[in-house]
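# Analysis of the macromolecular model
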Amino acid sequence: MSVTDALLAYTLAATLLTLTPGLDTALILRTATVEGGRKAFHAALGIDAGCFIWGALVAFGLGALLAVSEFAYTLLKYCGAAYLFWLGIQLLLRPRQQFSLNQGEANSSNNWFLRGMLGNVLNPKMGIFYVSFLPQFIPTGHSPIGWTFLLVTIHVLIGTLWSLTLITATRYASGVLKKPAVVKWMDRTTGCLFLLFAAKLAMSRR
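Residues numbered from 1 in each chain as written. Predicted model: local features only at pLDDT ≥ 70, side-chain atom pairs only at ≥ 80, totals over all residues. Heavy atoms only, no water.

Within the chain one finds 11 helices and 0 strands. Element order for the chain, N to C, with α for helix and β for strand: α-α-α-α-α-α-α-α-α-α-α. Counting every position in the chain, which comprises 206 residues, the buried fraction comes to 43%. Sequence separation of 24 or more characterises 87% of the internal contacts of the chain that already satisfy a separation of 6 or more. (Helix = DSSP H or I, 4+ residues; strand = E, 2+ residues; numbered from the N terminus. Buried < 20%, exposed > 50% of the residue type's maximum accessible area, 1.4 Å probe, protein only. Contact = heavy atoms within 4.5 Å.)

Next up, the structure:
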């Protein structure tokens with residue numbers, strides 16, 4: 001596989017995977033609708049940071065541990081499921097009644113970066129995905145470390161563009177989406193989705 005073929009094939013595959021609805025999409029949409037575009041972008045940056053963390057682990061061989069160690073995979077899987085369960089319960093039992101952005105909330109915006117990052121890092125499927133997926137697109141004779149970071153960067157750029165698209169789309173319906181009843185519904189719906197993702201992750205197998 002030539003360099004050009006590898007990049008084109010990977011970009012297409014990464015784009016299709018990014019557009020597939022999942023936890024990241026749910027998090028970005030909910031945050032953009034209820035918290036605003038700025039916090040949603042912080043969540044997107046957190047997700048991107050999680051991708052780079054996994055990329056670093058894979059590039060230096062540590063991510064391969066998940067592929068061979070059942071204990072390591074199981075431990076991280078249940079940690080990730082517990083974290084998603086906690087997020088889901090918070091949204092389900094304590095939904096917001098209205099959209100507001102006061103000074104205290106602005107100062108806590110980093111929480112969304114951490115939530116996005118932890119949701120990604122604590123998902124062992126990301127590690128398995130990178131371990132099994134990225135090497136297929138590294139041309140023979142090229143540096144595995146350099147190419148791993150290049151491919152992760154492409155994935156992150158695609159994901160960021162998709163997140164910005166989702167954030168922008170919510171602005172056109174912001175008047176409706178920020179009504180108290182809709183905000184409460186969004187929180188509870190996202191909470192249910194997070195609980196579903198938690199259950200799916202906890203019961204997942206290799």
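A few words on the UniProt feature "transmembrane region" (unreviewed entry) in the chain. Following the UniProt record, the feature "transmembrane region" (unreviewed entry) maps to residues 46-68, 75-93 and 145-165 here. In residues 75-93, helix accounts for 100% and strand for 0%; the two terminal C-alpha atoms are 27 Å from one another. (UniProt positions renumbered as here; feature names shortened; annotations may be inferred.)

What the rule picks out here adds up to 2 salt bridges. In this structure, R30 and E35 form a salt bridge, with 3.5 Å as the shortest nitrogen-oxygen distance. For R30, a relative accessible area of 3% corresponds to the buried category. On the basis of relative accessibility, which here comes to 7%, the residue E35 falls in the buried class. A salt bridge links K39 to E35; its shortest N-O distance comes to 3.6 Å. The exposure class of K39 is buried, given its relative accessible area of 5%. (Salt bridge = Lys/Arg side-chain N within 4 Å of Asp/Glu carboxyl O.)

The next point concerns the environment of G55. Along the chain, the position of G55 falls in helix α3 (residues 37-59). Remark: the alpha-carbon pair of G55 and V152, spanning 97 residues in sequence, is separated by 6.1 Å. Residues contacting G55, with those up to four places away along its chain left out, are Y130, T148, F149 and V152.

Together, F41, L45, L161 and L164 make up a nonpolar patch on the protein surface, roughly 320 Å² of accessible area in all. Among the secondary structure elements, those contributing two or more residues to the nonpolar patch are α3 and α9 (144-171). Mapping L164 onto the fold places it in helix α9. (Patch = residues over 30% accessible without salt bridge, like charges linked within 9 Å, V, L, I, M, F, W, Y side chains within 5 Å. Areas by Shrake-Rupley, 256 points an atom, 1.4 Å probe, with all protein chains shown as cover.)

This paragraph deals with the packing of aromatic side chains. Applying the stated criterion across every chain, the model contains 1 aromatic pair. Seen from the ring of W112, R115 lies directly overhead, with NZ or CZ sitting 4.6 Å from the centre. (Phe/Tyr/Trp six-rings, centres within 6.5 Å; stacked < 30°, edge-to-face > 60°. Lys NZ or Arg CZ within 6 Å of the ring centre and 35° of its normal.)

In this section: the packing of helix α2 (residues 23-34) against α9. Put simply, α2 and α9 touch, their axes get as near as 9 Å, and they point 35° apart. Of the two possible hands of crossing, α2 and α9 adopt the one that is right-handed. Contacts from T25, I28, L29, A32 and T33 in α2 reach W162, S163, L166, I167 and T170 in α9. Tallied by class, the residues present in the contact of α2 with α9 amount to 6 nonpolar, 4 polar and no charged. (Axes fitted to C-alpha atoms, helices over the stretch in contact; angles between N-to-C directions. Left-handed = near helix turned anticlockwise from the far one by under 90°. Nonpolar A, V, L, I, M, F, W, Y, C, P; charged D, E, K, R; others polar.)

Here we come to the side chain of T148. Looking at where T148 falls in the secondary structure, it is placed in helix α9. Assessed through its relative accessible area of 5%, T148 is described here as buried. In contact with T148, not counting residues within four places along its chain, are G55, V58, A59, L134 and I138.

Next up on the list: the nonpolar core. One finds Y10, I28, Y130, L134, L151 and F194 to be the most contacted residues of the largest nonpolar core, which totals 40 residues. At the level of elements, α1 (3-19), α2, α3, α5 (70-93), α8 (124-133), α9 and α11 (180-203) are the ones that each hand at least two residues to this core. No other element matches α9, which puts 8 residues into this core. (Core = buried A, V, L, I, M, F, W, Y, C linked by side-chain atoms within 4.5 Å.)

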